[in-house]
Each structure stands twice: as C-alpha cells, then as structure tokens.
Amino acid sequence: MPTFDCPTCEKILTVAKREDAPFRPFCCERCKQVDLGKWLDGTYCISEPIAPDELPEDV
Ligand SMILES: [Zn+2]
C-alpha cells in the first residue's frame, strides 16, 4: 500500500492506490495551496521602488 507524508501538515497518509491521492504529495487541496503560497511569498516579496528617472519631468 503506498504511503506518503504531506509536506504541509506532516500527516502520514496511506492510500489503497495512487489514484486515491489526487493531491499527492499533499493530503488535500488546502495543504497544496498552503505550500504553493509559501513559494509565492518567497518569490514575489521583492517590490521594486519606482526609479526617479522614470517619473515625468514637466514641472
Ligand atoms: Zn496535509
């Protein structure tokens, strides 16, 4: 019987067959989304300030 542990909640899951775990290696869709969110946090946290020379200069 295939077993795997969910990287998000660390729950160990046992399934009768691989097809029974559509969110593998996660136990459920929520855990999958949580993990995805972690990746996005790390990737998109850099917010670039607008460079002064990109502003229009007609004063
Ligand atoms: Zn989980």
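Computed from a prediction, not measured in an experiment: that's the story for all the values here. (Residues numbered from 1 in each chain as written. Predicted model: local features only at pLDDT ≥ 70, side-chain atom pairs only at ≥ 80, totals over all residues. Heavy atoms only, no water.)

Comments concerning the overall build of the protein
Filter applied, for reference: Each helix is a run of DSSP H or I of at least 4 residues and each strand a run of E of at least 2, with the numbering of both proceeding from the N terminus. Using a 1.4 Å probe on the protein chains alone, a residue whose accessible area is under 20% of its type maximum counts as buried, one over 50% counts as exposed, and one in between counts as partly exposed. We call two residues contacting when some pair of their heavy atoms lies within 4.5 Å.
For the protein, the helix and strand inventory stands at one helix and two strands. The N-to-C order of helical and strand elements in the protein reads β-β-α. Within the span of the protein, comprising 59 residues, buried residues form 14% of the whole. Of the contacts formed within the protein by residues at least 6 apart in sequence, a portion of 7% connects residues at least 24 apart.

Remarks on the coordination of the zinc ion
Rules: Metal coordination here is assigned from N, O and S atoms located within 2.8 Å of the ion, or within 3.2 Å for Na, K and Ca; omission of water means that sites may look incomplete. A four-donor site is called tetrahedral if each angle lies between 85 and 135 degrees; a four-donor site is square planar, and a six-donor site octahedral, when trans pairs exceed 155 degrees and the remaining angles lie between 65 and 115; all other cases are labelled irregular.
The protein atoms donating to the zinc ion are Cys6 (SG), Cys9 (SG), Cys27 (SG) and Cys31 (SG), with metal-donor distances spanning 2.3 Å. One can describe the site at the zinc ion as tetrahedral: its four donor atoms subtend angles covering 104 to 118° at the metal. Considered as a linear motif, the donors of the zinc ion on their single chain read C-x2-C-x17-C-x3-C. In this pair, Cys6 is assigned in the loop between strand E1 (3–5) and strand E2 (12–14) and Cys27 in the loop between E2 and helix H1 (29–44), connecting sequence segments 21 residues apart.

Observations concerning the nonpolar core
Rules: We define a nonpolar core as any set of buried Ala, Val, Leu, Ile, Met, Phe, Trp, Tyr and Cys residues linked to one another through side-chain atoms lying within 4.5 Å.
In this structure, Phe4, Cys6, Leu13, Val15, Ala21, Phe26 and Cys31 together form the largest nonpolar core, which totals seven residues. Not counting chain neighbours up to four residues away, the residues in contact with Ala21 comprise Phe4 and Val15.

Points about the environment of Leu13
With respect to the helices and strands, Leu13 occurs in strand E2. Leu13 gets classed as buried once you look at its relative accessible area, which sits at 18%. Between the alpha carbons of Leu13 and Pro2 there is a distance of 8.4 Å; along the sequence they are eleven residues apart. Ignoring any residue separated from it by four or fewer positions in sequence, one finds Leu13 in contact with Pro2, Thr3, Phe4, Cys6 and Cys27.

Describing the confidence of the model for the protein
Our working definition: Confidence of the predictor at the level of single residues is given by pLDDT, which spans 0 to 100.
Summarising the model, the protein shows a mean pLDDT of 82, and 76% of its residues fall at 70 or more. The lowest-confidence element of the protein is H1, averaging 82 in pLDDT; the highest-confidence one is E2, averaging 92.

Section: unusual backbone geometry
Cis rather than trans, the peptide bond between Arg24 and Pro25 has omega equal to 0°. Turning to its location among the elements, Pro25 is positioned in the loop between E2 and H1. A positive phi angle is found at Glu10, which is not glycine, with a value near 60°. Relative to the elements of secondary structure, Glu10 occurs in the loop between E1 and E2.

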